[in-house]
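Now for the letters of each chain:
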Amino acid sequence: MAARSEARDAAVAQAEVRARLEAQSAALADRLASTEQAQRKSVSDLDTVQTELAAAERRAERAEAEAALVRQLLAELRVGPPGRGEGGGGRRRKADGPGPTEQQAQSERQAQEPGAPTAAQNPADGNDSSDDNDDSQQ
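Residues numbered from 1 in each chain as written. Predicted model: local features only at pLDDT ≥ 70, side-chain atom pairs only at ≥ 80, totals over all residues. Heavy atoms only, no water.

### Some details on the overall build of the protein chain
Okay, step 1: Secondary structure assignment for the protein chain yields two helices and zero strands.
Okay, step 2: Burial analysis of the protein chain (138 residues in total) assigns 4% to the buried set.
Okay, step 3: Here the protein chain has roughly 12500 Å² of accessible surface; of this, 53% comes from carbon and sulfur atoms. (Helix = DSSP H or I, 4+ residues; strand = E, 2+ residues; numbered from the N terminus. Buried < 20%, exposed > 50% of the residue type's maximum accessible area, 1.4 Å probe, protein only. Areas by Shrake-Rupley, 256 points an atom, 1.4 Å probe, with all protein chains shown as cover.)

Following this line, the structure appears as structure tokens:
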């Protein structure tokens, strides 16, 4: 009988160890699943950040190109059109005198533009010969 009792005690002890091992195995499987899920999320987050970084780099490159264009245009504006600037033959005004009227400023701008209409060709003064109405027959 003692042998049977010892065998039963050994079987009980072995079952307890097996139960603990199964519980530990289940806990480790849960931890592994959580870790794998966190890894997948990290990969997804990394992809998102890399995509956003690439977009930001493209925006920065575009902004740099625009800034270079603006600097170029500003440099061209500083040079100015021919006949202006250093010692140019442009009309000068007294510093303390009144500025030009709108009509004078427009006349000056037109005079500076090649191919601009002269006062005789200006349609705003009513002498527009390009219209179909012949004013001389009325």
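Moving on from the coordinates now.
### Some details on a nonpolar patch on the surface
Okay, step 1: There is a patch of nonpolar side chains on the surface, built from Val70, Leu74 and Leu77 and spanning about 290 Å² of accessible area.
Okay, step 2: Looking at Leu74, the relative accessible area reads 38%, which means it is partly exposed. (Patch = residues over 30% accessible without salt bridge, like charges linked within 9 Å, V, L, I, M, F, W, Y side chains within 5 Å. Salt bridge = Lys/Arg side-chain N within 4 Å of Asp/Glu carboxyl O.)

### A look at helix H1 (residues 2-79)
Okay, step 1: The terminal C-alpha atoms of H1, which comprises 78 residues, lie 114 Å apart, in line with the 116 Å expected from a rise of 1.5 Å per residue.
Okay, step 2: Two residues or fewer after H1 comes Gly80, characterised by a positive phi angle close to 80°. (Expected span 1.5 Å × (residues − 1).)

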